[in-house]
Amino acid sequence: MRTRSNSGVRLDYYQRIVHKLILDHQQPVTGLFPASPHNDHAWIRDNLYCILAVWGLSMAFKKIADQDEDRAKTYELEQSCVKLMRGLLMAMMQQKEKVEKFKSTQNPLDSLHAKYSSITGRVVVTDTEWGHLQVDAISLYLLVLAQMTASGLQIVFSLDEVAFIQNLVFYIESAYCTPDYGIWERGDKTNHGLPELNASSIGMAKAALEAMNELDLFGARGGPSSVIHVLADEAQKCQAVLQSMLPRESNSKELDSGLLSIISYPAFAVDDPYLIAKTRDTIVSKLQGKYGCKRFLRDGHKTPREDPNRLYYEPWELRMFENIECEWPLFFCYLIMDYCFQGDKSSVSEYMQKLEMIMIRKDDGMKLVPELYSVPADKAHLEQHEPGSQERIPLGRCPFIWAQSLYILGKLLQEGFLAVGELDPLNRRLCSEKKPDVVVQIVILAEDNEIRDKLLEYDLQVQTINEVAPIEVQPARVLSHLYTYLGRNKKLGLSGRKSRDVGILSTSKLYSLNDRIFAFTPQNFDYEEYYMTRDPALLASTFTANVAFLGMSWKQMLGRPTITLLATQYLLDHGKIPMAMVTTMKKLKSGYINGTRVTLGNLGDFLSTSAITNLSFLGSQEDGYPDKLNPQVQSYLEEHLLKSFSNKFNFITRPTGSRSRTLRRRMSVRGAIKKTRSINVDSETLGMEGENAAPQSFLERKPSWLEVDPMFGRSPSPEDPKKRAFTKGTSTTTLPVTPTIEITKENSPSPPKDEVVNKNVVVRNRTISENQNLVYAEQETDELIGMLRETESLDEQGDILQYLVDTHGLDFSTGVLENGKPVTVKDLLKVLYEKACSQKLWGLVRHTAGMLGKRVEDLAKAVTDLLVRQKQITVGMPPNNEYTITAPLPENELRQLIHCAYGDDESTAMLTQELLVYLAMFIRTEPQLFLEMLRLRVGLIIQVMATELSRTLSCDGEEASEHLLNLSPFEMKNLLYHILSGKEFAINSGRGNFSIVSNKSNRYGKKSQIVLEGQNLQGIEEAPTVEPDRQGQWLRRRRLDGALNRVPRDFYPRVWGVLEKCQGLVIQGKILQPNLTQEMTPGELKFALAVETVLNSIPQPEYRQLVVEALMVLTLIVEYKTINSLGGMITVEHLVHKANQIFLEDQMRCNGDATLCCAKADSFGGAQVCGGAAGVCQLLYDSAPSGSYGTMTYLARSVATLLADRVPHDTPIECAVS
């Protein structure tokens, strides 16, 4: 026999180790590994990590196979891998109905199990006895399956199995918004079994989705039907959420060593090198010790202070585990793999040394990796005082196969038996390398020759839809329907893809189907769905955002992205092509748009360079005709191919004769729409009733006998209003406008949570005309219909239809026939909606869209986009109607919630949906706008927008809310952007439309003067005239920041420091208990939300900001260690009021502006005169933070007075002003 080479001998040594430690435990029937000799449960995750060493060794043998027995060893090891992967597949396929159910419910109880019996492959615990929902385990299975298949192993045998794997892809598709129990199976770190969104699960799912895309599960022998399809947008969503979370793991864990598995081997899920380094460095600095890394901060598992008799911890216990958490050698193995893949040999040997020093040597010389190292019970207090000083003892399983397997892989890589590329045949490790710029291909198609000729006038040559044949162009919803056929399997009872969403990445590919080629227009350009697509300027801005997004997100795909746009009659503005469109198209010709490379051309020219996907799954596979289209698909496509865009009524335009009887009726309908509005721009309180809600503001609207009872809301029966005596909320614009209005105040002694004490309830006197209306309602419908035909004014038509809906409901038949079918009120509303769209009457468009129940495109997706980036949302007008959304909801529930929050106010409900979509756009493209904001209060943002308009246009609140609702979608988005970014803006009104202009230049003349509220009181007019722009700017800034809930950087961790030093902080009667620091770490999101909830109980935004500033002064005292303890409870408002008092004393001393309002000798302690929120002088709100008269100065002085008795008197205090 020939002698073995050295490498052969060394590999034989590793083979003995792998056999002894791993393969000897593999169950012969199922191929699964039990957790230990005494526990036959097989965890999916642990089994997958175990087999990686076997797979690595098989590839090492394959390279030196110079003898037959080496080839045999290779085959034997490979088949062990196949056996295990198929064992797991069989176990999961036995739960196929769970996969089907979970796609719709995402309920933890419907999830696949996390562990099975290694003897039978059946379930071992019930659905409720274990935290089974672990997206990362299923994702890891798909990732390892993809890598092994790519390396040449045949794991999947039949097309039914392919269908099951395709459904597993759907199972993990929504990982970015599915809270799960995570890699440690416990969810929230208190172990109460609460699932949360985990970065490690999302990262693993992203890696699996990318690895599975276009993968042929039959390897080189497969055909189109064994290919797995993934919609690229799903992986992109995981990517975006992951980037917003790292280095945080979840709400309760500010950091977790498990993240090492996604920033490096095996997932390589992060493509930003800076973020990878930041996450690794944070883990090493905060969690690494001598014996490995801690899993996360305050992890009580197997520590001496954990109570072994119960699974969960009390929240206050968590503090006891600080600094004595167990250290896991497993993470040294991850770091070794990480540095092997980076090619950093010195770090590999450094960590290999650290690891081998703590491994346990057995009698036969094998070195084993133990599960974890714990501090002995008698040394715990010493370790807590001086972390890292005590020797630890190994506990748990030894060897811990998960770690042992990674150690063996590390050794094979270090000794050169394996190259990194062999462990990663799909080249995932290259995802963080810099790629060449993406070129976005853009095709503009004209609906017909008329539009093509109009574009030619601007020197834009485009083809019509007919000219691009044989390529067929369809809207995105057709693609979304086709994808529902993917993964269907009757035998297994699997129904295919459930989600209806197809994003811009999916519509930017071309699709081939037999010998046809399809191009799809983007989803947010679907004209039938939603009115935002009717605003050319918004379309242009969405389009450029889409191009930029493609430039950044088009990765791991062969070919270039192609955006296909359709220029239709809808886009024409009075028969012309809108300028916004023309300028954008001209920019495209230049080859760059906002820094992204683009090329404009015809579809035919791009066929060779585009990404093309084969829709082979639409064949009748199960009926045995794979090449023939599924008959359902066939009929669907035929039906859709020639569906024209226009099927409109021509009813309203028909001329009619008599005009006589309708006049009296017209009077009583006018303004029906206006009365449903609820935006409040009440000067004092900005829609949040403070202590001084002034009754005058309620009489703003002139009583008028022309108006119908606005209480008709949306009630279908005319009898309802009799039962309703007063309106909800206190807004100025839903007020009934009968001549007598009584205002009553209720004072409830203890308001429930989120309510403010003073409610203004308006009691109405019913008028005679209202009763008459009810009498006439029946007989005069036909008159109204006649009048509807006559009137030219769309607003008036809107009022009539609003009245008809109020009295009869949407489905009321008007008695008119069109093409032999009765016309309902709803049909008429649709026509009105179309007309309002084409005439760009946005207020009416929003209102009719709301009445028709139109949905904002992607509303649920927009809300999810905000939530998964750790922003909570409230809708409804503060303070009494705010509803908080903390978890993703389905589309219809969301719409219900929003309509519920605004009552009858359709326009504002629609506006809320619209703003949520814009906020989601901004958080996707400019996440920095949302720094230090945890909760987005949409109702408050709407009120701030209206206040800003009323300030800039110098008009009253009602006019301002009217202007706001009539802004075009693009200007609305623009105004929101200016408010979020805090930029000053001016309003430029031209041709009856308003446009929002950034205030960089004085091109538009002087801005309208900012007028401080309440200036007509107490003769402020004589105050010296400052430069008008400056007055009120700090008040405005505080108001904006307060409304947006924005806080200074690192605010929450610093408040945590203050809480440690006192016995609680009182804000608005609510107490922040010091025991929060026992439960939560400073950087924990749960802590930040607890503080924020208390701050949100302050109704006035500017007052909230002063409270935040006061807290900042307290944090400085703690950070500079001026005193050891702040003593008892601190009522933060006292600090603000004390500062106000000192400010007024100063003002009297130097005869400042405040002497004209609050700073009067007789009014101290009494009611404030200038109407500042919460009894604080307006002028203090309007002071800059810095400077000798700045708010920080006064707050510091007020804190000093408060702490005077707690400061040690014998030592001089150093005073450094930072």
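Residues numbered from 1 in each chain as written. Predicted model: local features only at pLDDT ≥ 70, side-chain atom pairs only at ≥ 80, totals over all residues. Heavy atoms only, no water.

In the nomenclature of an unreviewed UniProt entry, the protein chain is known as Phosphorylase b kinase regulatory subunit of Leptosia nina. Quoted verbatim from the Pathway (unreviewed entry) heading of the UniProt record, the comment on the protein chain is "Glycan biosynthesis; glycogen metabolism." In its Sequence similarities (unreviewed entry) section, the UniProt record describing the protein chain reads: "Belongs to the phosphorylase b kinase regulatory chain family." (UniProt positions renumbered as here; feature names shortened; annotations may be inferred.)

Enquirer: Can you break down the overall build of the protein chain residue by residue, with the values?
Expert: Of the regular secondary structure elements, the protein chain holds 42 helices and 34 strands. For the protein chain, buried positions account for 58% of its 1218 residues. Sequence separation of 24 or more characterises 74% of the internal contacts of the protein chain that already satisfy a separation of 6 or more. For the protein chain, the exposed surface amounts to about 49300 Å²; the carbon and sulfur share of it is 53%. (Helix = DSSP H or I, 4+ residues; strand = E, 2+ residues; numbered from the N terminus. Buried < 20%, exposed > 50% of the residue type's maximum accessible area, 1.4 Å probe, protein only. Contact = heavy atoms within 4.5 Å. Areas by Shrake-Rupley, 256 points an atom, 1.4 Å probe, with all protein chains shown as cover.)

Enquirer: Give me the lowdown on the pairing of strand β19 (residues 596-600), citing residues and values where you can.
Expert: Strand direction decides the pairing type here: strand β10 (residues 439-446) and β19, joined by four bridges, are parallel. Bridge pairing in β19 links Ile442 to Leu600. When strand β18 (residues 592-593) meets β19, the two strands line up antiparallel, connected through two bridges. Bridged to Tyr592 within β19 is Arg597. Hairpin remark: β18 followed by β19, antiparallel, with two residues in the connecting loop; positive phi at Asn594, about 50 degrees. (Pairing = 2+ DSSP bridges.)

Enquirer: Break down the sheet that holds strand β28 (residues 883-885) for me, with residues and values.
Expert: Here three strands make up an open sheet; going across it, the order is β28-β27-β29 and the pairing mixed. Whereas interior strands pair on both sides, the edge strands pair on one side only; in this sheet they are β28 and β29 (935-937). Within this sheet the neighbouring strands show an average axis-to-axis angle of 20 degrees, counted without direction. Inspection of the sheet shows strand β27 (residues 872-875) paired to β28 by three bridges, in the antiparallel sense. Bridged to Ile873 within β28 is Ile885. Most of the contacts of helix α30 (residues 891-902) go to β28, to which it runs at about 155 degrees, and overall it touches β27 and β28. (Axes fitted to C-alpha atoms, helices over the stretch in contact; angles between N-to-C directions.)

Enquirer: Lay out the pattern of salt bridges with the relevant residues and their values.
Expert: Within this structure, the stated rule accounts for 57 salt bridges. The salt bridge involving Arg295 is made with Asp299; its shortest N-O contact spans 2.8 Å. According to the relative accessible area criterion, Arg295 is buried, its value standing at 4%. Given a relative accessible area of 0%, Asp299 falls into the buried group. Between Arg310 and Asp307 there is a salt bridge; the shortest N-O distance is 3.3 Å. (Salt bridge = Lys/Arg side-chain N within 4 Å of Asp/Glu carboxyl O.)

Enquirer: Please give an account of the environment of Lys498 that cites residues and values.
Expert: Relative to the assigned elements, Lys498 resides in the loop between β14 (494-495) and α18 (504-507). Lys498 sits in the partly exposed class, given a relative accessible area of 36%. Dropping the residues within four chain positions of it, Lys498 is found in contact with Glu100, Lys103 and Ser104. Here the side chain of Lys498 touches Glu100 through a polar contact of 3.4 Å, side chain to side chain. Among the polar contacts made by the side chain of Lys498, one reaches the side chain of Ser495 at a distance of 2.6 Å. (Polar contact = N/O pair within 3.5 Å; in protein donor to acceptor, adjacent residues only side chain to side chain.)

Enquirer: Before we move on, could you go through empty space enclosed by the protein and cite the residues and values that matter?
Expert: With the rule as written, the count across this model stands at seven cavities of 30 Å³ or more. A volume near 160 Å³ is recorded for the largest cavity. Along its surface, the largest cavity is lined by 14 residues, and Phe525, Leu565, Leu571, Met581 and Met585 are the ones closest to its centre. Those elements giving two or more residues to the lining of the largest cavity turn out to be α19 (536-553), β17 (562-567) and α20 (579-589). It is α20 that contributes the most residues to the lining of the largest cavity, four residues altogether. A class-by-class count of the residues in the lining of the largest cavity yields 13 nonpolar, one polar and no charged. (1 Å grid on protein atoms, 1.4 Å probe; cavity = no way out; pocket = protein on both sides within 12 Å on 5 of 7 lines; lining within 4 Å. Points joined across faces, edges and corners; volume = space filled by probe spheres on them. Nonpolar A, V, L, I, M, F, W, Y, C, P; charged D, E, K, R; others polar.)

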